[in-house]
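Geometric and topological summary
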Amino acid sequence: MEIILIEGGKGLKGEIRVSGAKNAVLPLMAACILNSGVNSFTNVPDLADVRTMVELLEIIGAKIEFENGDMTIDSTNINKWEAPYDLVKTMRASVLVLGPLIARLGKARVSLPGGCAIGERPIDQHMKGLSILGSKIDLEEGYVEATAKELRGGIIPFDVSTVTGTENIMLSAVIAKGETLILNAACEPEIVELANFLNNMGAKVEGAGTDIITINGVDELKPVVNHEVMPDRIEAGTFMVAAALNQGDLTITNCKFEHLGALSGKLIQTGAEVIKTESGIRVVGVDRPKSIDFTTLPYPGFPTDMQAQMMTLMCLSNGLSIITETIFPQRFMHTGELRRMGAQIKLVGNSAVVRGVSEISAAPIMASDLRASASLILAGIAAKGKTEVSRVYHLDRGYDGMDKKLEQVGARIWREKI
Ligand code: EPU
């Protein structure tokens with residue numbers, strides 16, 4: 001097993017490049033199930049989750065090559081329909097193959113994801129939407145079994161705004177007969193990216209990025225070549241917070257300021273300078289950030305995937321900060337570890353009350369999930385002394401070479417095998 005060691009206490013300075021987006025590339029890869037031929041992508045991040053999706057698509061018959069950010073997916077021989085428990089349990093986004101498998105093969109058997117470190121994550125809305133489109137859905141031995149003779153369009157009113165739920169419906173409605181309306185659709189930039197990709201395949205998707213998506217089914221979809229995966233806004237956001245610590249100054253390239261409005265606004269309120277640059281964003285931190293309150297919300301609100309990282313910054317603020325988590329109300333596993341470093345945090349229901357301290361100290365700490373591990377790495381950068389982060393495989397699920405990138409901008413960070 002590997003651990004990450006950080007000797008912190010120093011601001012980061014320089015230029016840091018963002019990789020392709022995990023939460024965009026996973027649905028794009030699943031979308032390849034819908035056509036027959038060779039699709040290709042550039043700017044694909046090298047992540048454990050991407051490799052899990054490769055494994056899953058290979059199990060159902062795809063041929064995949066992946067090297068140096070370039071990926072080809074030959075979907076010609078996709079002829080199996082099962083996503084086994086062993087893969088789904090390591091990556092919930094495996095559920096994204098459900099919609100396109102029903103659309104292509106008329107059946108799918110996907111292990112039902114269980115609970116996870118960030119809380120309960122049901123997929124009832126995915127199943128409701130797919131049954132409106134004409135799938136028969138059963139739960140058998142922990143698996144969702146879906147069959148459909150023919151998918152037909154329909155009106156899908158989501159009770160909650162769900163990112164992968166919206167994606168799953170898009171990934172099946174594109175070849176259903178007639179028109180589908182998704183109401184209360186998720187508006188995340190990754191949804192827009194998927195819609196653009198599907199439209200390049202020949203689909204008719206309109207309204208992505210708003211809460212009403214209209215899809216007119218087509219008979220056939222063709223492969224797409226050279227699709228460049230959009231930049232990862234959460235990786236960019238994580239580096240923005242890294243810059244705000246210890247008076248750092250980072251120019252973050254290959255990212256989109258437009259995707260980071262809510263976070264930028266909050267960072268500015270802490271006193272940091274946030275400047276839009278030609279290829280991204282520059283953030284300059286202050287000596288002691290001002291305390292602010294924030295609440296996680298669906299896009300364009302403050303992203304839940306940035307809650308843990310921003311909490312690390314608030315641990316060092318000059319006052320009291322109230323952080324409310326409305327997307328995953330139990331997503332607070334990182335607080336116990338941050339407390340071990342001297343942070344003062346109290347949980348009250350789905351809120352964390354953070355009393356900023358002037359200094360946190362290094363400690364052995366343990367990552368519990370992907371974004372929690374990012375927040376702990378940031379805490380290690382801020383703390384004086386040597387922090388030891390274990391279970392870093394969580395970090396590798398969603399950050400492409402984060403420690404190496406941080407090292408290039410001055411962090412004293414390295415890995416050791418234990
Ligand atoms: N929900 C339901 N029923 C459903 C689906 C969702 O009640 O059928 C609820 C969830 O429990 C949650 C809310 O709806 O309270 C939103 O969940 P959503 O479905 O949008 O989350 P997701 O699609 O499972 C994606 C990202 C997550 C990110 C969330 C929220 C991917 C692959 N994952 O998950 O990313 O936190 O949207 O923005 O796109 C991460 O990258 O670390 C990560 C967890």
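Not measured: the values here are computed from a predicted model.

This next bit is on the site of the ligand. Around the ligand, the surrounding shell holds 23 residues, and the nearest of these are Thr162, Thr164, Asp305, Ile327 and Arg371. Contact distances for the ligand include 3.0 Å between an oxygen atom and a side-chain N or O atom of Lys22. Contacts to the ligand include Arg331, whose side-chain N or O atom sits 3.4 Å from an oxygen atom. In isolation the ligand has 830 Å² of accessible area, and contact with the protein removes 86% of it. Broken down by secondary-structure element, the contributors of at least two residues to the shell around the ligand are helix 1 (22-31), helix 5 (124-132), helix 6 (163-173) and helix 12 (370-382). Per-class residue counts for the shell around the ligand are nine nonpolar, seven polar and seven charged. Looking at the shell around the ligand, you find at least three residues from each of domain 1 (2-19 + 231-417) and domain 2 (22-228).

Moving on to the nonpolar core. By size, the foremost hydrophobic cluster in this structure holds 74 residues, and its most contacted members are Met53, Leu57, Met71, Met170 and Leu198. If one sorts the elements of this core by residue count, helix 1 sits on top with seven residues.

Let us look at the domain arrangement of the protein. For the protein, the assigned domains are domain 1 (2-19 + 231-417) and domain 2 (22-228). Inter-centroid distance (C-alpha atoms) of domain 1 to domain 2 is 30 Å. Each partner contributes to the interface: domain 1 provides 22 residues, whereas domain 2 provides 20 residues. Carbon and sulfur atoms supply 51% of the area buried between domain 1 and domain 2, which totals about 1700 Å² over both sides. Its largest share of buried area at the contact with domain 2, domain 1 owes to Tyr299, Phe328 and Arg397, together 33% of the area lost on that side. Connecting domain 1 to domain 2 are two salt bridges. With a shortest N-O distance of 2.8 Å, Arg397 and Asp49 are connected by a salt bridge. In this assembly, domain 1 and domain 2 are joined by six residue pairs in polar contact (both at pLDDT 80 or more). Elements that contribute at least two residues to the side of domain 1 that touches domain 2 include exactly helix 12 and helix 13 (393-398). If you tally residues by element for the side of domain 1 that touches domain 2, the top one is helix 13, at three residues. Residue classes in the side of domain 1 that touches domain 2 are distributed as six nonpolar, six polar and ten charged.

With that settled, the discussion passes to the environment of Val54. Mapping Val54 onto the fold places it in helix 2 (residues 48-59). A residue is classified by how much of its surface remains accessible, and Val54, at 11% relative accessible area, is buried. On a C-alpha basis, the gap between Val54 and Glu65 in space is 8.9 Å, while along the polypeptide they are eleven residues apart. The residues contacting Val54, other than those within four sequence positions of it, are Met29, Ile64 and Met71.

Calculation criteria
- Residues numbered from 1 in each chain as written.
- Predicted model: local features only at pLDDT ≥ 70, side-chain atom pairs only at ≥ 80, totals over all residues.
- Heavy atoms only, no water.
- Near = heavy atom within 4 Å.
- Polar contact = N/O pair within 3.5 Å; in protein donor to acceptor, adjacent residues only side chain to side chain.
- Areas by Shrake-Rupley, 256 points an atom, 1.4 Å probe, with all protein chains shown as cover.
- Helix = DSSP H or I, 4+ residues; strand = E, 2+ residues; numbered from the N terminus.
- Nonpolar A, V, L, I, M, F, W, Y, C, P; charged D, E, K, R; others polar.
- Domains from an automatic or database assignment.
- Core = buried A, V, L, I, M, F, W, Y, C linked by side-chain atoms within 4.5 Å.
- Buried < 20%, exposed > 50% of the residue type's maximum accessible area, 1.4 Å probe, protein only.
- Contact = heavy atoms within 4.5 Å.
- Buried area = accessible area lost by both parts, 1.4 Å probe.
- Salt bridge = Lys/Arg side-chain N within 4 Å of Asp/Glu carboxyl O.

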